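Chain by chain, the residues run as shown.
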Amino acid sequence: MLQKGFLKPVALIAVMGLAAACTKREAGLDPSAVFDPYVETNRNNHEFNRAVDRALVRPASKGYVSIVPRPVQSGVSNFSSNLSLPGTIVNNVLQGRIGEAGQNTLRFALNTTLGIGGIFDPSSEFKLYRAKADFGETLAVWGVGEGAYVELPLIGPATERDAVGRIVDLFTNPLTYMVPAPESYYGTGASVAARLGDRGTFGDTIDSVLYDSADSYAQAQTIYLQNRRFELGQAAPEAELDPFDLNTEGF
């Protein structure tokens, strides 16, 4: 147990070191332009992701939204989102946004108690909305560069900075260490179900990007970078959907 507890902080430090070493643009290049030095690998991963979506994710999502009643889908999504809040609070604090950390803490407390573990969302009735944060954003606040664009197998579009952030976010949620198995797997299952629900709900739009566009890789890349940079306050988005990154908040 001690060794396990020791290795996790060491892993975080190592990953943060990788973030600091994100691929740098050549001098003089437009910082707002797409930086894609791994385009061949990325395109191969994109085709793999499309194949997985076509064979597994899309049919599973259609079955989920057609069989599971909408109120149950909402409850699962709320439950998944609530379980991810402690990790969001950690990132609020790391970014120095103490007010947002307090707001999310109160939201978590209300939804966990009055909302029966987060199945319901009474906090929104009190206008206590989620203040989103993740470790990729934390790295940006700390001054780490965006790095190159990457598309990861099964995960989808990211930047090097956000790819590192997603790894760290697996460890920053205190509930990961506090909730024993098998109860700890409930959150993972709810997160997967919530993503299937989103894939089914926005299926037509996602299909138009992945299967109807002339170059689905370039389209997904543009959508992801525009939306992510907008989230970080770097640019206004021209598109509103990331087909690979719907409801990624997990346990």
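First, a word on what this report is: a plain description of the structure on this page. (Residues numbered from 1 in each chain as written. Predicted model: local features only at pLDDT ≥ 70, side-chain atom pairs only at ≥ 80, totals over all residues. Heavy atoms only, no water.)

## Topic: the packing of aromatic side chains
Following the criterion strictly, the structure yields two aromatic pairs and no others. When the centroid spacing of 6.1 Å and the interplanar angle of 70° are considered together, the rings of Tyr149 and Tyr217 count as edge-to-face. With Tyr149 in strand E1 (residues 149–152) and Tyr217 in helix H11 (residues 216–231), the pair connects residues that are 68 residues apart, well separated along the chain. Since its relative accessible area comes to 3%, Tyr217 is described here as buried. (Phe/Tyr/Trp six-rings, centres within 6.5 Å; stacked < 30°, edge-to-face > 60°. Helix = DSSP H or I, 4+ residues; strand = E, 2+ residues; numbered from the N terminus. Buried < 20%, exposed > 50% of the residue type's maximum accessible area, 1.4 Å probe, protein only.)

## Focus on the nonpolar core
What tends to happen in soluble globular proteins is that the nonpolar side chains get buried as a cluster. Tyr149, Val150, Ala158, Ala163, Tyr217, Tyr224 and Leu225 together form the largest nonpolar core, which totals seven residues. Elements with a minimum of two residues in this core: E1 and H11. A total of three residues in this core trace back to one element, the largest contributor, which is H11. (Core = buried A, V, L, I, M, F, W, Y, C linked by side-chain atoms within 4.5 Å.)

## Comments concerning helix H3 (residues 70–94)
For H3, built from 25 residues, the straight-helix expectation of 36 Å at 1.5 Å per residue is met to within 8% by its first-to-last C-alpha distance of 36 Å. Of all the bends found along H3, the most pronounced is centred on Leu85 and spans about 40°, while Pro86, a proline, follows it within four residues. Directly beyond the C-terminal end of H3, a positive phi value near 80° is found at Gly96. (Expected span 1.5 Å × (residues − 1). Bend = angle between axes of the 7 residues up to and from the residue.)

Such coordinate-based values are descriptive only and should not be taken to indicate function.
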